[in-house]
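Tertiary structure, described
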Amino acid sequence: NIISTDTYKIRFKDEGYGHLNELITLNNYTNIYVLVDENTKKLCLTRLKEKASFKFEIIEIKSGEIHKNIDTCVDIWNRLTNKNADRNSLFINLGGGVITDIGGFIASTYKRGIDFVNIPTTLLSMVDASIGSKTGINLNSIKNQIGLFSDPLTVIVDTDYLKTLSKREINSGYAEIFKHSIISNSNFKKLVENPNLVYDEDIIASSIELKNKVVKKDKFENDVRKHLNFGHTIGHAVESLFMNKKNKLLHGEAIAIGMICESYISSKINGLEIDKANEIKNHLNKFFSKVSFSKSDINEICNLIKYDKKNHINIPKFVLLKDLGLVETDINVDMNLVSTSFDYYSVKL
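These lines cover the structure that appears in this document, whether it is placed above or below.

Quick notes on the rules
Residues numbered from 1 in each chain as written. Predicted model: local features only at pLDDT ≥ 70, side-chain atom pairs only at ≥ 80, totals over all residues. Heavy atoms only, no water. Helix = DSSP H or I, 4+ residues; strand = E, 2+ residues; numbered from the N terminus. Rg over C-alpha atoms; globule rule 2.2 N^0.38 Å. Contact = heavy atoms within 4.5 Å. Expected span 1.5 Å × (residues − 1). Buried < 20%, exposed > 50% of the residue type's maximum accessible area, 1.4 Å probe, protein only. Polar contact = N/O pair within 3.5 Å; in protein donor to acceptor, adjacent residues only side chain to side chain. Core = buried A, V, L, I, M, F, W, Y, C linked by side-chain atoms within 4.5 Å. Salt bridge = Lys/Arg side-chain N within 4 Å of Asp/Glu carboxyl O.

**Description of the overall build of the protein**
- In terms of regular secondary structure, the protein is built from 14 helices and eleven strands.
- Whereas a compact globule of 349 residues would reach a radius of gyration of roughly 20 Å, the protein reaches 20 Å, a difference of no more than 12%.
- With the C-alpha coordinates of the protein rotated into their principal frame, the extents come out at 60 × 40 × 35 Å.
- Partitioning the contacts of the protein with sequence separation of at least 6, the portion at a separation of at least 24 is 75%.

If you want it as structure tokens, here you go:
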């Protein structure tokens, strides 16, 4: 059960750990560091210690998207420097999307790049953040504004870590699994008919495989990889808006809102049947409770969309559906329609 990318392999459970142990013996690393936050230190480190035949040092950072910034990077770079970490060091990222995003970025820039390994511990990072070679940090609450495409040495997917997650975090990861099913039209019907497939290992593996296929065709997001951004133009703006609020949203929670709004926009200007948009909305509503938005929130979201990485000459470019499995990119959307899509999101079907 190995998924091959162009440059590295994604392995599952014991096969993954066994391969990592071999790689470490083979490459004779001078130092091995494991990046964790307070949650993965407490809940996931024991399992890694059981599986690892090597010694490592722990580098701990605070959890949360709010800490995925340059200050945290400077702190880790300083710690690596003080520990005399050289270019033959290995950096292992044990955690969710924040850990794999920032950890990959740290490793790729420290002394112009040291090897790193991703061991995702959340459903979201298993099916999304840890694969696809994107690393990055936020700048002034703008999500992933600074970053690199950089390949890990390997990725280990171990679904045992999912036992450490809350239902809320599982649902957050499920948003990306459901997105993959929408843009590929594979497993869509199966998921809609069985909302309990969230933990299914075959669904997780097929979701990873789907993302991998897209990335293989277009690693640097010039064309088909943009399909993976469905729900993310509005979703990232929603996530950024809540980043500095008390009631923060998880990534998948924001993306679910984005997918509902962008399905509605697709039905208005891109030919998606409204019944399909309703089906997407109804299914997501089983997993995510409604978030309320004030008029000024929506104005701020429209403002934040202007900073989206897909934009061209400051013109927002959306990824919209024509049908399930039929995605179109680089579409201009009027901001009034974005505002109206929040009315659709709020109203009960």
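**Quick notes on helix α9 (residues 201-217)**
- With 17 residues, α9 ought to run about 24 Å at 1.5 Å a step, and its terminal C-alpha atoms sit 25 Å apart, in line with that.
- Residues of α9 that are buried include every one of I203, I204, A205, S207, I208, L210, K211, N212, V214 and V215, and no others.
- Where α9 is buried, its residues meet β1 (2-4), β2 (9-12), α6 (123-129), β9 (154-157), α7 (167-184) and α8 (188-193).

**Details of the side chain of D297**
- With respect to the secondary-structure elements, D297 resides in helix α13 (residues 295-305).
- Residue class for D297 comes out buried when judged on its relative accessible area of 11%.
- Looking at D297, its side chain comes within polar contact range of the side chain of K245, at 3.0 Å.

**With respect to the environment of N282**
- Within the fold, N282 resides in helix α12 (residues 274-285).
- The exposure class assigned to N282 is partly exposed, which follows from its relative accessible area of 40%.

**A few points about the nonpolar core**
- Membership of the largest hydrophobic core comes to 94 residues, with the highest contact counts inside it found for I119, V238, F293 and F342.
- Sort the elements by how many residues they give to this core and helix α11 (residues 251-269) lands first, with nine residues.
- Setting aside its immediate chain neighbours within four residues, F342 contacts I234, V238, I257, C261, F293, I298 and I301.

**Quick word on the environment of A175**
- Secondary-structure assignment places A175 in helix α7.
- A175 has contacts with G252, M259 and F288, leaving out every residue within four places of it along the chain.

**Let's talk about the pattern of salt bridges**
- Taken as a whole, this structure holds 22 salt bridges when the rule is applied.
- Two residues, E60 and K41, come together in a salt bridge whose shortest N-O distance is 3.1 Å. Note that E60 is positioned in strand β4 (residues 57-61) and K41 in helix α2 (residues 38-43), a separation of 19 residues in sequence.
- The residue K68 makes a salt bridge to E65 at a minimum N-O spacing of 3.1 Å.
- Linked by salt bridges that have partners in common, K13, R47, D158, D160, K163 and E201 make up one network.

**What about unusual backbone geometry?**
- Of note in this structure, S133 is not a glycine but carries a positive phi near 70 degrees.
- With respect to the secondary-structure elements, S133 resides in the loop between α6 and β7 (134-139).
- Phi at S141 is positive, roughly 70 degrees, even though this residue is not glycine.
- Assignment of secondary structure puts S141 in the loop between β7 and β8 (142-149).

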